Amino acid sequence: MTTRLTVAQALVRFLAAQYTERDGERRRLIGATWGIFGHGNVAGLGQALVEYADVMPYHQGRNEQSMAHVAVGYARQSNRLSTHAVTTSIGPGATNLVTGAALATVNHLPVLLLPGDVFATRPADPVLQQLEVPYAGDVSVNDALRPVSRYFDRVMRPEALIPAALQAVRVLTDPVETGAVTLALPQDVQAEAYDWPDDFFAERTWTVRRPGADPAELAGAVELLRAARRPLVVAGGGVHHSRAEEALAAFAGATGIPVASTQAGKGSLRYDHPQDVGAIGHTGTATADDLARTADLVIGVGTRWTDFTTASGTLFAHPDVRFLNLNIASFDGHKLSGTPLVADARSGLEALTEALLVHGHRVTDSYVAEYGADKARWERRVDACYAAEEPDARPTQPQVLGALDALVDESDVVINAAGSLPGDLHKLWRARSRDQYHLEYGYSCMGYEIPAAIGVKLAAPERNVWALVGDGTYLMMPTEIVTAVQEGVAIKVLLLQNHGYASIGGLSEETGGERYGTAYRYRAADGTFSGQPLPVDLAANAASLGMRVLRARTVRELRAALAEARAADTPTCVYVETETADTVSGAPPAQAWWDVPVAETATRPSAVKARELYERHVSTRRRHL
C-alpha cells in the first residue's frame, strides 16, 4: 500500500512517528518544529506543517540560530531522548544555522536541521539568495553545515528521502554519534509528490543503547583503581546524558574517592555530598585543583578533557599520574594516553562499584579527612563572596549569584553560556539537583541563554527556568523574548549590566591587551573606548519586546525582585547594574592556568610583562604519554 504525498508532507508524517526508548522510558523523538519561512521552505515544509498541524506542533522563531539553541536546550533537558526540528529558507536563513549546529555537535546534543535549498531541477539558475560556485554546480550555502553536522544529506529526489530520513534518525538517537543532523531540502523537491510505502509512516521506536564494559578493560580499570593512593574522579557531561548520577554517588560513597566536575558535569553530585569537591580546571575550586595536582590516578567519567579542564596541560602534576577514561566514545576514551573503559557511564560505574566492593576497596581515612577539610574551607570562601553586608549598596556579580542561590530550590534550572558568569558559577554555584546547573561551555556561545531557557521550559513547564545573561551576551540575541511572550513561556531572565565584555576585558588585561575594545563606552580623544558608559537601557529594550521588567539598584531591591520574578507566571526580567570594582566579595581568582598565547614581541610594558608570565606557565605544561 502507498500514499501519495509531497516530500515535505512525507517528512513531517515520518518525523511524527519516531520514538526513543531507554530504561522503559518512551519519548517522541521530534517534539515540535521551529521555523522562519521564506521562499525556500514556505510552500514545501510550511504547507506540510499546516497540513499536519494536528501531529506536529509548530513554533514561530525570530532568528535561525536561536531556534537551534531552543532545540538544544529542549534536548538537554529531555536527556537527549527528545529534541526539536528547525526549518529555514535558503540563503541567510540556512547559514544562520551554522553556529547553532556547531554548538549542538560540540555538546553531543541532538537537533534536526531542515534548511531549504536551491532548485534540484535548476529551471532558474541562480535563484534568489543562491550562492554560485563557479567550479561546482552541486554546491550551495548549505554545504557550510557539513563540518558542523554529524550527518548531512541533500535530498535531490523524492525517493532519496527514505534512506536519508532513516539515517538522520539513527544518528540523532545514537549516544556516541549524536549532534546536529542536517537534511538539505531543495525547494522544488519539497513540493514534489511521490507514492510512499505506508510502512515509511509506521511508528518506530529507536532504543538508546547502554553498552557495558568489556571484561578485559573492566579488569584493567579495577587493577588501576586498587593500586591508586590518591585517586580523583572528574565527572563530565556524559554522567548527565546517561543519567548516571545515582551510580556515581554509589561509587563515590563506597570508595571514598572525591569527585570534581567539569562545567557540563557540575551537579553530578549535589554540592553537599561528602565526596563532591566542586569544579575543576581553570574555573575550578582550590579544593579540586589541589587534589588534581597530587592525584596519581584520574578517572574521567564522560568528559572530553578540554583545555579548561586540564588547565591547558598544566593541572595534573603528579610525576606518575595515570588516567582511566570511562566514556561511551572510544575517541574520548583514549585521550591523555589513558586506559579506556568504553561503556555507558551508568553501566560502567555500576560495574566498577560491584567489582571494587568484592575487594572491599576504599581510600584511606586520612585522604577523606584532607579533602573534607579543604571542601569546608572553600565553602567558607563561597559564603564570603555571597555575603552582602551593605544591603543598600549596588551588588557585585557574586552577590547577585548569592541572592539567587538563597532563593532557589532543587526544582529551579539556571542557564548560562558565556562571559564572566561561567567562571563565577562554576566556582561558586551550589548545585542542588542533577539538572539545576545548565552551562553550555562546550561552545560557550553568546546569545544561547534566552532561547535555551525557552527550550528547557517547554521540556519542563513545571520548573522555574532562569537565563543568566550579561549585557554583552544579551545584545547578541534578545529576540526570542518576543517568542517567549507570544507563547506564554514564563522564563526568568536575570540581566546583569556591567558595561562591556567583562570576561574578555580581564583576559585582555592579563595577556597584554590592556582591555582594548572590550568596554561599552564612548571613544575618547586618544582613540580608545575609555569615555563615559554608553547610555543604553537594556531594561527598556526587554520591556519593548513585551517582557515584564523589574529593576533592582541595590542588594535589598535585588532580593525582592528575584522573589517576585520567581513567583511570576509570565516572562519576567530582573535587571541589575553590578559593581565592577574589585572588592573582598569578588569571586576568587583562577586556581589554575589557561593557555591564551601572548605576543612574543612587543614594546608596551604590559605585553612584555604578560609574556614573561606566560613563558613561566608554559614551562610547566606536559604531554601525558
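Attention in this report is confined to the structure presented alongside it. Just so it is clear, the structure is predicted and the values come from calculations on it, not from any experiment. (Residues numbered from 1 in each chain as written. Predicted model: local features only at pLDDT ≥ 70, side-chain atom pairs only at ≥ 80, totals over all residues. Heavy atoms only, no water.)

Right, let's talk about the nonpolar core for a bit. Formed by 49 residues in total, the largest nonpolar core has its most connected members in Leu225, Ile280 and Phe316. Sequence-distant contacts of Phe316, defined by excluding residues within four places in its chain, comprise Ile280, Ala292, Val298, Trp305, Thr309, Thr310, Val321, Phe323, Arg622 and His624. Within the second largest apolar cluster, 45 residues are counted, among which are Leu145, Val148, Tyr448 and Tyr575. (Core = buried A, V, L, I, M, F, W, Y, C linked by side-chain atoms within 4.5 Å. Buried < 20%, exposed > 50% of the residue type's maximum accessible area, 1.4 Å probe, protein only. Contact = heavy atoms within 4.5 Å.)

Take the pairing of strand β7 (residues 111-117) next. In terms of burial, β7 is a largely internal element, seven of the seven residues being buried. Alternating residues of β7 divide into Val111, Leu113, Pro115 and Asp117 and Leu112, Leu114 and Gly116, and every residue in both groups is buried. Where β7 and strand β9 (residues 180-186) come together, five bridges link them in parallel fashion. For Asp117, the partnering residue across the bridge sits in β9 and is Pro186. (Helix = DSSP H or I, 4+ residues; strand = E, 2+ residues; numbered from the N terminus. Pairing = 2+ DSSP bridges.)

A separate point is the sheet that holds strand β15 (residues 297-301). What holds strands together in a sheet is hydrogen bonding between their backbones, with the strands either parallel or antiparallel. With parallel pairing, six strands are arranged side by side in an open sheet as β14-β13-β12-β15-β16-β17. Where the open sheet ends on each side, the last strands, each with one partner, are β14 (276-279) and β17 (339-342). Each strand of the sheet is rotated relative to its neighbour by a mean of 20°, with strand direction disregarded. Sheet analysis places strand β13 (residues 259-261) next to β14, joined by three bridges and oriented parallel. Along β14, the bridge assignment pairs Val259 with Asp276. (Axes fitted to C-alpha atoms, helices over the stretch in contact; angles between N-to-C directions.)

Here we come to the packing of aromatic side chains. Throughout the structure, instances matching the rule amount to 13 aromatic pairs. Where Trp305 meets Phe316, the ring centres are 5.8 Å apart and the plane angle is 90°; that geometry is what we call edge-to-face. Pair noted here: Trp305 is in the loop between β15 and α12 (307-310) and Phe316 is in the loop between α12 and β16 (322-327), with a separation of 11 residues, a long-range link. The residues Trp305 and Phe316 share a single accessibility class, namely buried. Taken together, a centroid distance of 5.7 Å and an interplanar angle of 55° make the contact between Trp593 and Tyr614 tilted. On the criterion of sequence distance, the pair formed by Trp593 in the loop between β23 (572-577) and α24 (605-618) and Tyr614 in helix α24 is long-range, its members being 21 residues apart. According to the relative accessible area criterion, Trp593 is buried, its value standing at 13%. Given the relative accessible area of 11%, Tyr614 is considered buried. Among the aromatic residues, those joined into a cluster by ring pairs are Phe14, Tyr194, Trp196, Phe200 and Phe201. The lysine or arginine in question, Arg13, covers the ring of Phe201, its NZ or CZ lying 4.4 Å from the ring centre. The cationic tip of Lys266 hangs over the ring face of Tyr437; the distance from NZ or CZ to the ring centre is 5.4 Å. (Phe/Tyr/Trp six-rings, centres within 6.5 Å; stacked < 30°, edge-to-face > 60°. Lys NZ or Arg CZ within 6 Å of the ring centre and 35° of its normal.)

These values are about where atoms sit, not about what they do.
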